[in-house]
Amino acid sequence: MSSVYIHVPFCAKRCTYCDFHFSTSFKGYREEMLRSLKQEIIERKEEIKTPLKSLYFGGGTPSILNEKELSVLLETVYDSFGVEPQVEITMEANPENVSEENVKNWKSIGINRLSIGLQSFKNDDLRWMNRGHNSETNIESIDIAKRLGFDNLSVDLIYGLPGLKNEEWLSFLQKVCEMEVHHISAYCLTIEDKTKLKNDIKKGKIVPLPEKKQVEQFEILCSFLKKQNYEHYEVSNFALNGLYSQHNKSYWERKKYIGIGPSAHSFNGKTRRWNVSNNHIYMSRGKGNHSWFSEETLNKDTMWNEVFLTGLRTKWGVMKKDILSLGGFVSKEKDVIKELIDQQHLLENEKSYVLSQQGLLFADAISEKLFRVS
Ligand SMILES: C[S@@+](CC[C@H](N)C(=O)[O-])C[C@H]1O[C@@H](n2cnc3c(N)ncnc32)[C@H](O)[C@@H]1O
Ligand code: SF4
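What counts and how
- Residues numbered from 1 in each chain as written.
- Chains lettered and ligands numbered in written order.
- Predicted model: local features only at pLDDT ≥ 70, side-chain atom pairs only at ≥ 80, totals over all residues.
- Helix = DSSP H or I, 4+ residues; strand = E, 2+ residues; numbered from the N terminus.
- Rg over C-alpha atoms; globule rule 2.2 N^0.38 Å.
- Buried ≥ 20, exposed ≤ 12 C-beta atoms within 10 Å, placed from the backbone.
- Contact = placed C-beta atoms within 7 Å.
- Near = placed C-beta within 6 Å.
- Nonpolar A, V, L, I, M, F, W, Y, C, P; charged D, E, K, R; others polar.
- Domains from an automatic or database assignment.
- Pairing = 2+ DSSP bridges.
- Expected span 1.5 Å × (residues − 1).
- Core = buried A, V, L, I, M, F, W, Y, C linked by C-beta atoms within 7 Å.

A. Inspection of the overall build of the chain at higher detail. Scanning the chain from terminus to terminus reveals 15 helices and 15 strands. Over its C-alpha atoms the chain spans a radius of gyration of 21 Å, differing by no more than 12% from the 21 Å that the globule rule assigns to 374 residues. Here the C-alpha coordinates of the chain stretch approximately 55 × 50 × 45 Å along the principal axes. Counting every position in the chain, which comprises 374 residues, the buried fraction comes to 36%. Look at the contacts in the chain between residues 6 or more apart in sequence, and 70% of them connect residues 24 or more apart.

B. Focus on the site of ligand 1. Around ligand 1 sit 15 residues in total, of which Phe-20, Gly-117, Asp-156, Tyr-187 and Thr-190 are the nearest. Secondary-structure elements contributing two or more residues to the shell around ligand 1 are β4 (113–119) and β5 (153–159).

C. Region of interest: the site of ligand 2. The environment of ligand 2 is formed by Cys-11, Arg-14, Cys-15, Cys-18, Phe-20, Phe-22, Gly-59, Gly-60, Thr-61, Asn-94 and Gly-117. Partitioned by chemical class, the residues of the shell around ligand 2 number five nonpolar, five polar and one charged.

D. Region of interest: the domain arrangement of the chain. The domains assigned to the chain are domain 1 (2–250) and domain 2 (299–374). On a C-alpha basis, the centres of domain 1 and domain 2 stand 29 Å from each other. Contacts between the two partners involve seven residues from domain 1, matched on the other side by seven residues from domain 2. Going through the elements one at a time, α8 (211–227) and β7 (231–234) are the ones with two or more residues in the side of domain 1 that touches domain 2. In terms of residue class, the side of domain 1 that touches domain 2 is made up of five nonpolar, one polar and one charged.

E. How the structure looks around the sheet that holds strand β14 (residues 346–348). An order of β13-β15-β14 is seen for the three strands of this open sheet, with the pairing classed as antiparallel. Two strands bound the open sheet, and with one partner strand each, they are β13 (318–319) and β14. In this structure, β13 lies alongside strand β15 (residues 352–355), joined through two bridges in antiparallel fashion. In the strand pairing of β15, Met-319 is matched with Ser-352.

F. Spotlight on helix α6 (residues 166–178). A rise of 1.5 Å per residue sets the reference length of α6, with its 13 residues, at 18 Å; its end C-alpha atoms lie 18 Å apart and thus fit the reference within 8%. Looking at the buried side of α6, the elements it contacts are β5, β6 (183–188) and α8. Phi turns positive, to about 50°, at Glu-180, one or two residues after α6.

G. Structural detail: unusual backbone geometry. For the peptide bond that leads from Gly-59 to Gly-60, omega is 20°, which places it in the cis range. In this structure, Gly-60 sits in the loop between β2 (52–59) and α2 (67–80). Its identity is not glycine, yet Asn-130 carries a phi of approximately 65°, on the positive side. Of note, the phi angle at Glu-180 is positive, near 50°, even though the residue is not glycine. Of note, Glu-180 is situated in the loop between α6 and β6. Accessibility expressed as a C-beta count within 10 Å gives 11 for Glu-180, which makes it exposed.

H. Summary view of the nonpolar core. Residues Val-4 and Ile-184 are the most contacted members of the largest nonpolar core, which totals 59 residues. Of the residues forming this core, the biggest block, five residues, is contributed by β5. In this structure, Val-4 is in contact with Leu-52, Leu-55, Val-77, Phe-81, Tyr-257, Ile-258 and Ile-260, ignoring residues within four places of it in sequence. By size, the runner-up hydrophobic cluster in this structure holds 14 residues, among which are Leu-312, Ile-323, Leu-346 and Leu-360.

I. Summary view of the pairing of strand β11 (residues 271–275). Note that strand β10 (residues 265–267) and β11 share three bridges and pair antiparallel. When the bridges of β11 are listed, Ser-266 appears paired with Arg-273. The antiparallel hairpin formed by β10 and β11 contains three residues in its connecting segment, where Gly-269 sits at a positive phi of about 100°. By the bridge criterion, five bridges tie β11 to strand β12 (residues 293–297) in an arrangement that is antiparallel. Paired with Trp-274 across the two strands is Ser-294, which belongs to β12.

J. Structural context of the pairing of β5. Most of β5 is tucked away: six of the seven residues are buried. Where β4 lies against β5, five bridges are found, and the strand directions are parallel. Of the residues in β5, the one forming a bridge with Ser-115 is Ser-154. With six bridges joining them, β5 and β6 adopt parallel strand pairing.

Right under this line is the structure:
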C-alpha cells in the first residue's frame, strides 16, 4: 500500500500566517511547472511497485489548476502506478474556487475527496489573514460540494487566532457540524518566522492570543466534536463514521509515499527525501549544478524517534511491538514513561501507549522526551 502527494506551488495571494512553499508570480512559468511535475511522476514510477491507496493534491493551491491541467497529472499518475479500486483522491480547495462548474469537473476526472480551507467564519479575521473568501463563500462552498455529490468532505479551520473568543470558536464548530461535513482538521495558529503575521506581532500591530485561551479552544474543540459523534483520531483531525483521511493516516503509519513537486517529501520505508523549496531550481533539475533534493537514511535511533513522533499523535498510539522491534525501552526511558503515566498524559493498554486528551496538547514535546540521539 502506498501513496502519492503532488505539491502545486502556486497561490493567488499570500496569506499573512503561511510559510508553506508557494509562489504568487507564476504566470510566466505555469506550463513549464506542470510539464516538470508530469516529468517527475514518470521518472519516479519505478519507486512504487504496489497499487496506490491514496493520491493527494496539496499546496499551495491546487484548486487554481484548470480541468485539463489536473487531468494530465491524474492520467500520468494512473499510467505510471497501479491504483487500488477504492483509491482516495483528495484535493485541497480554497473556498473561492469551489464553483458548481469546478466541482462538476473535479468529480468527473475522479477526485473523490475535497479538503476545503475555510479557516474561520469571522470576516474581520479572514481579512487580516488575506484570504480570498468570506464567511458566506465558506457556506456556499460546502453546500455546492455536498449538493454535487462529494460524500467525503473535509474542512480546515484555525483556532487560537488573535482576539478569537471562545464563544466565536464554538459557533464556527457548530456551523460545520450543522452542515454535516464528514471530516474536520482544526489547527492551532502557529506564528511562523518570516511571515507578515510574525512581523505585525513584533511591531505590536497584532497581539497574539494567550496560550491559556488556545488551550481552552482546544478543549472546546475536543469536547464539542465528541458530543457530535466525531472521532478524534489525530491531534488535529476528527472524522464522522470512520471517514479518516487515508492519505494522512498512511503518513502517521509510516507507509511508503512519493512526494512530487518543489518542497514535497517522500519516504520509502528507510529513507526520507525532500525536494528543493524553489520553483526554478526544481524545474531545471538535472540541468544546472544545483542539487534539487536531499535525503536522509534512517538509522535505528532516528526510526525510534519517528515511531514516537508519528504514533503519539494518533488515537492508536505507539505499538508495543514496534518498540520491541527497535530493542525496547532502556531504564531512563522507562522512568519517562512512568512519569507521563503518573501525570495522566499517557495511557497504557495491552498493545500500545496512547496520549490522553491533556497529553495531546503537548504531543510533540512529549515525543521529544523519548527521542534518542545517535
Ligand atoms: C498549506 S495550507 C493549503 C490549503 C489551501 N491553500 C488553503 O489555504 O486553504 C493547509 C492548511 O494548513 C493550515 N495552516 C497553514 N498555515 C498555518 C499556520 N501558520 N497555523 C495553523 N494552521 C496553518 C490551514 O488550515 C490550511 O488550510
Ligand atoms: S494558506 Fe493556502 S492559500 Fe494561503 S498562502 Fe498558504 S498555501 Fe496559499
